[in-house]
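Chain residues, written in single-letter form:
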Amino acid sequence: MSQTSTYTVVGMTCGHCVASVSEEVGAIPGVEDVDVDLDSGRVTVTSGAPVEESQVKAAVEEAGYALAPTA
């Protein structure tokens, strides 16, 4: 059964930003789908197994952006 997690990424301004984040997060083992909404900065990650937030954070930082602090 797939699991979905949503994160907010700050610093994305264009389609290239979206592609970079999608590519890096999509490379995390177990990730099946990445949906990035540029306007809100929301990144929805669908995976076959739980993905650690630290893995998503590292992937987003590798793409050159940052996760917004969680409330």
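Above this text is the structure in question.
Residues numbered from 1 in each chain as written. Predicted model: local features only at pLDDT ≥ 70, side-chain atom pairs only at ≥ 80, totals over all residues. Heavy atoms only, no water.

## Re helix α1 (residues 15-26)
Helix length check: α1, at 12 residues, gives a terminal C-alpha distance of 16 Å against a target of 16 Å (1.5 Å per residue), a fit within 8%. Buried residues of α1: C17, V18, S20, V21 and V25, and no others. Projection of α1 onto a plane perpendicular to its axis shows the buried side chains occupying an angular sector of 165°, all on one side. Across from the buried face of α1, at angles greater than 90 degrees, the exposed residues are G15, H16 and E23. If you follow the buried residues of α1, they end up packed against β2 (31-37), β3 (42-47) and α2 (53-62). (Helix = DSSP H or I, 4+ residues; strand = E, 2+ residues; numbered from the N terminus. Expected span 1.5 Å × (residues − 1). Buried < 20%, exposed > 50% of the residue type's maximum accessible area, 1.4 Å probe, protein only. Arc of directions from axis to C-beta. Contact = heavy atoms within 4.5 Å.)

## Some remarks on the packing of α1 against α2
One way to put it is that α1 packs onto α2 with a least axis distance of 8 Å and a crossing angle of 140°. In terms of orientation, α1 lies oblique with respect to α2. Between α1 and α2 lies a crossing whose hand is right-handed. Along the contact surface, α1 presents V21, E24 and V25, while α2 presents A59, V60 and E62. The residue makeup of the contact of α1 with α2, split by class, is four nonpolar, no polar and two charged. (Axes fitted to C-alpha atoms, helices over the stretch in contact; angles between N-to-C directions. Parallel < 35°, antiparallel > 145°, perpendicular 65-115°, else oblique. Left-handed = near helix turned anticlockwise from the far one by under 90°. Nonpolar A, V, L, I, M, F, W, Y, C, P; charged D, E, K, R; others polar.)

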